[in-house]
Amino acid sequence: MDRKDDILILALETSCDETAAAVVKNGQEIESNIVASQIDWHRKYGGVVPEIASRKHLEFINPVIAEAITEAGIKFEDLSAVAATYGPGLVGGLLVGLSTAKALAYAMGKPFIGVNHIAGHIYANFISHSNIKTPVVCLTVSGGHTDLLYFINPGSYDILGRTRDDAAGEAFDKVARFLKLGYPGGPVIEDRARQGNPAAINFTRALINEDTYDFSFSGLKTAVINYVHNKNQKNEELNIADIAASFQETVIDMLVSKVLKALDEYETRSVILSGGVAANRTLRNRLKEELKPTGLSLYYPDNELCTDNAAMIGSVAYYKYVNRDFSPLSLNANPNLKL
Ligand code: KG4
Ligand code: ZN
């Protein structure tokens, strides 16, 4: 039963290839979380086609909102505010969610709240876990971003490092496309890697020994391509499972080394993992192992909150709502928005 002072937020997420709407109560309780995935339309191209994404968002957005409201068992009038992702992401998709949220907020005379998608991925952890102790080292890894953050209070982050080129998920997607394994690349590579030997091929771990928290994955993608061409030229058989396992191990080594470096330098009580790549079990298990001697807990969101969804956007919007941090209706989409 909703109380009068409950804060109910309708949140929309359309930055990539999921059209999503959620109703979130008081920042943590998910009343509904609807995700219409467009993966089937993009799969045959081996990646997201922006024009197709925009059209599908337009087609899906209203039914997805209607379902989110019905499943939450509320009426539009019960909402406290309407929120939407305004970046980073594909501009066409962002505009669909943003314009819809603004129109709804305007029509209902309710506040509108623009949310940074990456902050959403981080806050997904605060929906799944209520006991995260700060200060936190947070690795947020997705198809569009790879950032290492340190924060004492959620809301004010220090960015320790970020990728200088491709995002970690993008590397999974590009390597999977090159190996013709399908899209999205992360889950298929993780699956194939299970039968492979992670030490079979020694790919270079970029920046791993350098005094930086930055990442770089584009050289690794090229290394995989060169390795395959080389084998083909020599007419040698390819072991796809070994390539997948060695590639995945290299990405994990690069990510984990920077987390451990941060733990050496910053007083930390918890480590959190977020973004689509946080769904990778091999990465989670490796981080858990590495954290054992430190006694620190590792948190990651429930699986459905790891990949793109609107509940995470509703959670960020709640904290903005309580701070009266509303956005003007003139807020534009920002495809390159940073944290
Ligand atoms: O957060 P997300 O749904 O969308 C973006 O904000 O980009 O993340 C999607 C990314 C894709 O690159 C996908 O390949 C990757 O997350 N991903 C994974 C796994 N599941 C999804 N990467 C590695 N292992 C996985 N199991
Ligand atoms: Zn995302």
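Look above for the structure.
Residues numbered from 1 in each chain as written. Chains lettered and ligands numbered in written order. Predicted model: local features only at pLDDT ≥ 70, side-chain atom pairs only at ≥ 80, totals over all residues. Heavy atoms only, no water.

## Observations concerning the site of ligand 1
Filter applied, for reference: Working definition: residue near molecule or strand if any one of its non-hydrogen atoms lies within 4 Å of it. Whenever a nitrogen or oxygen atom comes within 3.5 Å of another N or O atom, the pair is scored as a polar contact, on the condition that within protein one atom can donate a hydrogen and the other can accept it, and that pairs from neighbouring residues in sequence are kept only if both atoms are in side chains. Note on areas: these come from Shrake-Rupley sampling with a 1.4 Å probe, and a residue is covered only by the protein chains present in the view. The helix count covers DSSP runs of H or I at least four residues long, the strand count covers runs of E at least two residues long, and both are numbered beginning at the N terminus. Residues are sorted three ways: Asp, Glu, Lys and Arg are charged, Ala, Val, Leu, Ile, Met, Phe, Trp, Tyr, Cys and Pro are nonpolar, and all the rest, Gly among them, are polar. Domain segmentation is taken from an automatic or database assignment of domains.
As a structural note, the neighbourhood of ligand 1 is formed by 20 residues, with His121, Ser142, Gly143, Asp173 and Glu190 the closest of them. The separation between an oxygen atom of ligand 1 and a polar main-chain atom of Asp308 is 3.0 Å. Out of a free accessible area of 560 Å², ligand 1 has 90% covered by protein chains. In terms of residues, the shell around ligand 1 owes the most to one element, helix α6 (residues 185-193), which gives 4 residues. Taken together, the residues of the shell around ligand 1 sort by class into 5 nonpolar, 12 polar and 3 charged. Counting contributing residues, the shell around ligand 1 receives three or more from each of domain 1 (3-121 + 306-322) and domain 2 (134-268).

## Focus on helix α5 (residues 168-178)
Filter applied, for reference: Categorising residues by exposure relies on relative accessible area from a 1.4 Å probe, with only protein chains included: less than 20% of the type maximum marks a residue as buried, more than 50% marks it as exposed, and the intermediate range marks it as partly exposed. Any two residues whose heavy atoms approach within 4.5 Å are treated as being in contact.
All of the buried residues in α5 are Ala168, Gly169, Ala171, Phe172, Asp173, Val175 and Ala176. Here the buried face of α5 lies against β6 (136-141), β7 (146-153), α6, α7 (218-233) and α8 (240-265). Directly after α5, the chain includes Lys180, whose backbone phi takes a positive value near 60 degrees.

## Examining the pairing of β7
How we decide: Only strands that DSSP links by at least two bridges are regarded as paired with each other.
Of all 8 residues in β7, 6 are buried, a share of seventy percent or more. Sheet analysis places β6 next to β7, joined by 6 bridges and oriented antiparallel. Within the sheet, the bridge partner assigned to Cys138 lies in β7 and is Leu149. The hairpin turn running from β6 into β7, its antiparallel successor, is 4 residues long.

## A closer look at the coordination of the zinc ion (ligand 2)
Threshold: With water omitted from the atoms examined, metal sites may look incomplete; donors here are N, O and S atoms no farther than 2.8 Å from the metal, or 3.2 Å in the case of Na, K and Ca.
For the zinc ion (ligand 2), the full set of protein donor atoms is His117 (NE2), His121 (NE2) and Asp308 (OD), at a range of 2.0 to 2.1 Å. Here the donor residues of the zinc ion (ligand 2) share one chain and are spaced in sequence as H-x3-H-x186-D. You can see His117 sitting in helix α4 (residues 117-128) and its partner Asp308 sitting in the loop between α10 (303-306) and α11 (311-322), a full 191 residues away along the chain. The buried category is assigned to Asp308, whose relative accessible area is 13%.

## Focus: unusual backbone geometry
In most cases, non-glycine residues show a negative phi, while peptide bonds are predominantly trans. Across the junction of Thr134 and Pro135, the peptide omega takes the value 0 degrees, indicating a cis bond. Between Tyr183 and Pro184 the backbone carries a cis peptide bond, its omega angle lying at -5 degrees. In this fold, Pro184 is placed in the loop between α5 and α6. The backbone of Leu207 sits at a positive phi, close to 65 degrees, despite the residue not being glycine. Its location among the elements puts Leu207 in the loop between α6 and α7.

By themselves, these observations are geometric and do not establish any function.
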